[in-house]
Amino acid sequence: MKNILKYAFFFVAAITTVSCDDYLDVKPMGRVIPETLTDYRSVLTRGYEAFPKHKSLTTLRGDELLLDQYGQDFSYFRDIYAWNDTNPDKITTGFQYDALYNTIFYANVIINDAAGKLEASADKDQLIGEAYALRAYSYFDLLNLFAKPYNAATAATDKGVPLALKVDLEQAYTPESVAKVYEQILADKEEAKKLLTKDTQTKGLNYRFSKAALYALESRISLYQKDWAKAVEAANNALTYKNALVDLNATPVLTTSYDGIESILALEDVFNNNLKGSSYASSDLLDTYDQTNDLRFAVYFQKLGGDYAFRKGGELAQKCSFRASELYLTKAEASAQLSDLTTAKTTVLTFIKNRYKVAGYNALATTVGSMNQTELLDFIAQERQREFAAEGHRWFDLRRTTQKSIMHTIIDKDYTLIQNDPRYTLPFPQNARLNNPNL
């Protein structure tokens, strides 16, 4: 009875007054208290739906975009593009800190409540496994937006984000260390690994986690933590389920389609339509392509006057969180870091054979074959930049690697993000700080 009263109070009070915690600004799923497997599946579906479009906003902070200062949405993006986090205009689009915690709330309902109510079944295990995976992914993105990049030497003292692991109206939310949040991410990932029953998800349901998607997440986490051996192992595990690559020589189509052969998890709109219509590809990005031999150039970009617009994004059919290309490039990078240059070269060549014309690939194969470790790592980083243009990877990649200096120009004024700038880490949103002084 106490548990039912807690949820009844929470669902009703939250939709009529405030959320379960002001700083989290969590929105409930409604007045119905879930009881059946179908009910809980609906709750988790709401959690998936709540996962935000923050990857688009990270693209504004990196070196991929030229923001159209005459576009109708310019004012909503200007301060992000200028890295003005201290005193942005009130109409500036905010990073969706609260939305990520909203997704975590839905996952918590499944993890903490469904286990005790539902009868044992494979579907129950799959549901709870997905909730653990979704919570892990949400915390991973929260850390990579609002905390310093993972550094094993300082992670125990670097400030991370608050951990909200249960529905608790009275919990005091204080940021935990980066190390502790990663410990929770890894624990959730292991719980998901025990429970997930589906190797992959069918088309249309592939916004849900599967074993393939979990291993893809594990490989990304390990890459960011510089746990190179685990990154290779996880990538290999994911590749046992999904290893097909689009051959652009035979099929010149976007590789981000939710129903494409590379799709592993199609959860996020990583480059939304408003930003797509308000930006062009930067010269920094365009200059990385061999426009004669790299087949991606014509597929990923469209010339408009003197600029190039992105073909990626802006439609539901291109929802993309994990795809096979990432597994190859993660395996290549981690293998190179382990000084296993043979595996690294073989892996990256397997990948680029599907992205370049035959003549271009043959020339690159010779070049790659003679690269040393430093040259190879630089080439793999460039391939990540080319492959994942406007998919939300670049800002996170810059954070975990060079944290290079970037310059953006707005109405003839230059703005600079210096190398290793503290603004590579976002501050907690102002409304969150006002509602929770512990931040």
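In this text, all values refer to a predicted model and were calculated from it rather than measured experimentally.

Cut-off values and rules
Residues numbered from 1 in each chain as written. Predicted model: local features only at pLDDT ≥ 70, side-chain atom pairs only at ≥ 80, totals over all residues. Heavy atoms only, no water. Salt bridge = Lys/Arg side-chain N within 4 Å of Asp/Glu carboxyl O. Helix = DSSP H or I, 4+ residues; strand = E, 2+ residues; numbered from the N terminus. Buried < 20%, exposed > 50% of the residue type's maximum accessible area, 1.4 Å probe, protein only. Polar contact = N/O pair within 3.5 Å; in protein donor to acceptor, adjacent residues only side chain to side chain. Contact = heavy atoms within 4.5 Å. Phe/Tyr/Trp six-rings, centres within 6.5 Å; stacked < 30°, edge-to-face > 60°. Lys NZ or Arg CZ within 6 Å of the ring centre and 35° of its normal. Pairing = 2+ DSSP bridges. Core = buried A, V, L, I, M, F, W, Y, C linked by side-chain atoms within 4.5 Å. pLDDT = per-residue confidence, 0-100.

Asks: Please clarify how the pattern of salt bridges should be interpreted in this entry.
Replies: Oppositely charged side chains can pair when the atoms bearing their charge come close. This model, assessed by the stated rule, comprises 33 salt bridges. Note that Glu218 and Lys189 form a salt bridge whose closest N and O atoms lie 2.7 Å from each other. Of the two residues, Glu218 sits in helix 8 (residues 211-224) while Lys189 sits in helix 7 (residues 178-195), which places them 29 residues apart along the sequence. Pair check on accessibility: Glu218 and Lys189 agree, each one buried. The partner of Arg386 in a salt bridge is Glu383, with the nearest N and O atoms 2.8 Å apart. In this pair, Arg386 and Glu383 are both assigned in helix 16 (residues 373-387), 3 residues apart and thus about one turn of the helix distant. Residues Arg386 and Glu383 agree in their burial class; the two are buried. Sharing partners across several salt bridges, the network here consists of Glu262, Asp294, Arg296, Lys312, Arg323, Arg355, Glu383, Arg386, Glu387 and Glu391.

Asks: How do you make sense of the side chain of Asp397 when you look at a structure like this?
Replies: The topology assignment puts Asp397 in helix 17 (residues 393-400). Here Asp397 falls in the buried class, since its relative accessible area comes to 8%. Looking at Asp397, its side chain comes within polar contact range of the side chain of Arg384, at 2.8 Å. Discounting chain neighbours no more than four positions away, the residues touching Asp397 are Tyr224 and Arg384.

Asks: I tried to follow the environment of Ala317 on my own but got confused; where do I start?
Replies: Secondary-structure assignment places Ala317 in the loop between strand 7 (307-310) and strand 8 (322-323). For Ala317, a relative accessible area of 32% corresponds to the partly exposed category. Placed 61 residues apart in sequence, Ala317 and Asp378 show a C-alpha to C-alpha distance of 32 Å.

Asks: Is there a simple way to explain the packing of aromatic side chains in this structure?
Replies: Describing an aromatic ring pair means giving the distance of the ring centres and the angle of the ring planes. Here the structure, examined in full by the defined rule, presents 22 aromatic pairs. Each ring, one from Trp395 and one from Tyr424, has its centre 4.7 Å from the other, and the planes form 15°; the classification is stacked. In this pair, Trp395 is assigned in helix 17 and Tyr424 in the loop between strand 10 (413-417) and helix 18 (430-435), connecting sequence segments 29 residues apart. Each of the two residues, Trp395 as well as Tyr424, counts as buried. Every member of this aromatic cluster is reached through a ring pair, and the members are Phe271, Tyr289, Phe297, Phe301, Tyr308 and Phe310. The ring of Tyr300 carries Lys312 above its face, with NZ or CZ at 4.0 Å from the centroid.

Asks: Looking at this structure, I do not really get the pairing of strand 10. What am I missing?
Replies: Consecutive side chains along a regular strand alternate between the two faces of the sheet. In this structure, strand 9 (residues 406-410) lies alongside strand 10, joined through 5 bridges in antiparallel fashion. Pairing of Thr409 across the sheet is with Asp414, part of strand 10. The antiparallel hairpin formed by strand 9 and strand 10 contains 2 residues in its connecting segment, where Ile411 sits at a positive phi of about 50°.

Asks: Is there a simple way to think about unusual backbone geometry in this case?
Replies: Trans peptide bonds make up the majority, and among non-glycine residues the majority have a negative phi. Positive phi outside glycine occurs at Ala390, with the angle close to 60°. Secondary-structure assignment places Ala390 in the loop between helix 16 and helix 17. One non-glycine residue, Asp412, lies in the positive phi region at around 65°.

Asks: Is there a simple way to explain the nonpolar core in this structure?
Replies: In summary, soluble globular proteins display a tendency toward joint burial of nonpolar side chains. Counting 128 residues, the largest nonpolar core has Tyr139, Phe301 and Val348 as the members making the most contacts within it. No other element matches the 14 residues that helix 6 (residues 122-146) contributes to this core. Setting aside residues no more than four positions away along its own chain, Tyr139 makes contact with Tyr101, Ile104, Val161, Pro162, Leu163, Ala164, Leu165, Val181 and Ile185.

Asks: Looking at this structure, how should I read the confidence of the model for the chain?
Replies: It should be kept in mind that the predicted coordinates are not to be read in detail where pLDDT is low. For the chain, per-residue confidence averages 92 on the pLDDT scale, and residues scoring 70 or more make up 92% of the total. Between residues 1-30, whose pLDDT stays under 50, and residues either more than four places distant or in other chains, the model counts 66 contacts.

Asks: Can you walk me through the side chain of His54 in this structure?
Replies: Its location among the elements puts His54 in helix 3 (residues 54-61). Within the local environment of His54, its side chain forms a polar contact with the side chain of Asp141, the two groups lying 2.8 Å apart. The residues contacting His54, other than those within four sequence positions of it, are Phe95, Gln96, Leu100, Asp141, Leu145 and Glu268.

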